[in-house]
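Topology and contacts: notes
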Amino acid sequence: MTTNRRQESASHVISSLSAHYPCCNLKKSLHRSTLHPSRLTQQCASMTSRARLFKEYKEVHREKGGDNDIQLTCDDTNIYRWTAYIKGPVDTPYQEGVFQLAVNVPEQYPLVPPQVRFVTKIFHPNVHFKTGEICLDILKTAWSPAWTLQSVCRAVIALLAHPEADSPLNCDAGNLLRSGDHRGYRSMSQMYTRLCAVHSNGGRPGSS
Amino acid sequence: MNVTENVTEPGGEQDRPRDDEIQAFHNRIRAADADKLELVGDKEPLSVLEEEYKAGSPVFLAKLLILKQSYGAIRRARGDGNCFFRSFMFSYLEHLLVIQDEAEVARMEKAIEICKKTLIDLGQAEFTFEDYLAIFVEQLHGVIQGKETSTSLETLVERCRDQYVSNCVVMFFRFVTSGEIRRRSEFFEPFIQGMSNMSVVQFCRSCVEPMGEESDHVHIIALSDALGVPVRVVYLDQSGDMNDKPVTVNKHDFIPEGMNTAVDPDVILLYRPGHYDILYRRGNSGNVKHTSLEESNVEHF
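About the thresholds
Residues numbered from 1 in each chain as written. Chains lettered and ligands numbered in written order. Predicted model: local features only at pLDDT ≥ 70, side-chain atom pairs only at ≥ 80, totals over all residues. Heavy atoms only, no water. Helix = DSSP H or I, 4+ residues; strand = E, 2+ residues; numbered from the N terminus. Buried < 20%, exposed > 50% of the residue type's maximum accessible area, 1.4 Å probe, protein only. Contact = heavy atoms within 4.5 Å. Phe/Tyr/Trp six-rings, centres within 6.5 Å; stacked < 30°, edge-to-face > 60°. UniProt positions renumbered as here; feature names shortened; annotations may be inferred. Pairing = 2+ DSSP bridges. Axes fitted to C-alpha atoms, helices over the stretch in contact; angles between N-to-C directions. Arc of directions from axis to C-beta. Polar contact = N/O pair within 3.5 Å; in protein donor to acceptor, adjacent residues only side chain to side chain.

All right, on to the overall build of chain A then. If you tally the helices and strands in chain A, you get 6 helices and 4 strands. The order of helices and strands in chain A, counted from the N terminus, is α-α-α-β-β-β-β-α-α-α. Within chain A, buried positions represent 50% of all 208 residues. Of all intrachain contacts in chain A linking residues separated by at least 6 positions in sequence, the fraction that spans at least 24 positions is 60%.

Right, let's get into the packing of aromatic side chains. All names here are of chain A. Scanning the entire structure with this criterion turns up 24 aromatic pairs over all chains. Taking the centre distance of 6.0 Å and the plane angle of 15° together, the rings of Phe123 and Tyr192 count as stacked. Highlighted residues: Phe123 in the loop between β4 (115–118) and α4 (149–161) and Tyr192 in helix α6 (residues 182–197), separated in sequence by 69 residues. Under the relative-accessibility criterion, Phe123 is labelled buried at 1%. According to the relative accessible area criterion, Tyr192 is buried, its value standing at 6%.

Residues and elements named next belong to chain A. Residues annotated by UniProt as "active site" (unreviewed entry) correspond here to Cys135. Tracing the chain through its elements places Cys135 in the loop between β4 and α4. By relative accessible area, which is 24% here, Cys135 ends up partly exposed.

What follows is about the sheet that holds strand β1 (residues 70–74) of chain A. Adjacent strands of a sheet pair through backbone hydrogen bonds, lying either parallel or antiparallel. Residues and elements named next belong to chain A. Read from one edge of the open sheet, 4 strands run β1-β2-β3-β4, paired in antiparallel fashion. Both outer strands of the open sheet, β1 and β4, are each paired with one neighbouring strand and no more. For this sheet, the mean inter-axis angle between neighbouring strands, taken without regard to orientation, is 20°. Where strand β3 (residues 98–104) and β4 come together, 4 bridges link them in antiparallel fashion. Bridged to Val103 within β4 is Val116.

Turning to the UniProt feature "active site" (unreviewed entry) in chain B, a few remarks are in order. Residues and elements named next belong to chain B. In this structure's numbering, the residues bearing the UniProt feature "active site" (unreviewed entry) are Asp80, Cys83 and His275. Over a stretch of 196 residues, the named residues converge on one spot in the fold, their C-alpha atoms separated by at most 9.1 Å. Inspection of the secondary structure puts Asp80 in the loop between β2 (71–77) and α5 (83–99). The residue Cys83 is located in helix α5 in this model. Each residue touching Cys83, except ones within four places of it in the same chain, is listed here: Ala77, Arg78, His275 and Tyr276.

Another point: helix α11 (residues 200–208) of chain B. Residues and elements named next belong to chain B. Those residues of α11 not exposed but buried are Val200, Phe203, Cys204, Cys207 and Val208. Down the axis of α11, the sector holding all buried residues measures 105°, keeping them to one side. Check the buried side of α11 and you find it contacts α9 (163–183), α10 (185–195) and α12 (217–227).

Residues and elements named next belong to chain B. Following the sequence through the fold, His95 ends up in helix α5. Look at His95 and you get buried, because its relative accessible area is 15%. Within the local environment of His95, its side chain forms a polar contact with the side chain of Asp266, the two groups lying 3.1 Å apart.

Residues and elements named next belong to chain B. Taken together, the 6 strands give an open sheet; going across it, the order is β1-β2-β6-β5-β3-β4, and neighbouring strands pair in mixed fashion. Pairing within the sheet leaves two strands with one partner each, and these edge strands are β1 (40–45) and β4 (251–254). The sheet shows a mean angle of 30° between the axes of neighbouring strands, taken without regard to direction. Examined bridge by bridge, β1 and β2 share 4 bridges and lie antiparallel to one another. Across the sheet, the residue bridging to Pro45 is Ala73, located in β2. Set on the sheet, α5 makes contact with β1, β2, β3 (231–235), β5 (267–272) and β6 (275–281); between it and β6 the angle comes to about 20°.

Below is the structure:
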C-alpha cells in the first residue's frame, strides 16, 4: 500500500512540476528577463529545488536495496520534507541502533544545505542532546550541491564512527572522549542507543 | 566525573544560538554587503584605483602607473569568495561576444563534454551538475549574435548579475575545477600538500566545491586546463621596494596544457591580495576591432 501511495505522489509531483514549471517558459523568461530579477531568482530557485529533489527521489528509488544502511523517504505531500532512518555503523557504540533523521529542505536547495537533525535521541559529541542538531561542516559552511540527501546521510553515518571531540555540541560526550575516558563514552552512548534507538521505532531499514 | 548526575541532561548550554541561526545572521551580513556592489560591476577606468589608493602605499601607486600603460579599465567582482570564477565567467563570455568567435564556442562545447565525462567517471551523479552545465551552455550560445536566443552585452551583464544564473555558472566551474583536480590528482597533490594538510579529495570537498571558498593557483590551473582557456593574472600587491630597483608589476599567464605558450590570454584578471577583478587592455594597444565592435554592440541593443 505504501509503495502505491508513493508512486501516486511521485506522478503527482511530475504533473504538478510540469504544470507549474514548464521548462520552456522558464527558459523564455530567462532569455527575455521579463520578470523582476529578484522574483526571477526566487522562482528559479524554487523550480530547481523541486526538480532536483525529484531527481533525488527517483535516484533513491532506483537504488532501493543498494544501500542497506539508509532508508530515505519523502513526505507524501511535501517534497521538501524527508525522513531518513540510518543504521549505526558496526564496531561503534551505535551499531545496534536505528536512528531517525528529520530532513528539511529549503527552497534554495541545492545551493544551500538541507537542515538535518536527529529525531532519535543519541549521545554523541557532535549532536545536540536535546535538539538533535548536528555539527557537521558539510551541513554548514562546507556545503556544496555536489552532495545529495543520500550522501549527506552517509556523511552522518561516518560522523557516528568518527566523532570530533574538539568541537562538541554535547560537551559531556566531548569531555569523556577528550579526557581519554573511552570506556565511559562507550557505555553512555551504548546505553542511549539501547534505550532510544533499538526497537523503539520499529527498526525501519530493511523492514519494508 | 560523576556521569549519573548528568544523565538527565547531558549536552549543556541551552541558550546558544543554533548553527542555522548563526548562518542566517552571516547571510544577512552578506546581503547587506551585496547592496554595496553588484556581483559584477560596471566597467570603470583604471583611474578609479588611483583614487582608491591615493593615501595608500607608494608601491601600489607606482605599480598602478605601470599598469596604466597596458591596461585601460577594470570591472569589479563582488568579494564573496567567488570572485575568481565570476570574473572568469564574465571576462570569457564578454570577449566571445565582442569578437563573435563561433569556433571558440564550438571548441568550448567539446571541452564541456569532456569535463562532463570526467565528473561521471569520478562517480559524480549527473543530476548534481547537469542544471549548472546547461545554464553555462545557454550563456555560451547566447553570445553569438543573430539568433533568437542571442544576448546583448547589456543582457550578459544582467545575467552575470542575476544571482541565480551567475551562481549556477560559478557552481558549474567549481564542479569542473574539482573534476580536473581529482582526474589529475598526482599532478595537483604536491601543490595541495604545500598549501594545506589535506588530501586531494578533501581539498576538493572543502576548498573547491563549496560556494564562497576562495580560489588559488590550483583552482586557476585546473579550470584553465579543463576548459582550455588561457588566463592572465596581473598582481597588484605590496611586493617590491621603491628604494630598491625599479618597481615591476608581476603577471602570470596560465596556459592550458598543449597550447602554445606564446599565446596572449584574453581573460585578464587583476589580483589584489584576496581578490580578483577583471582587467581590460588599453583600447589603443589592444585589438582595435574589439573596441569598435563593442561600441557598435552597445549602440545596437
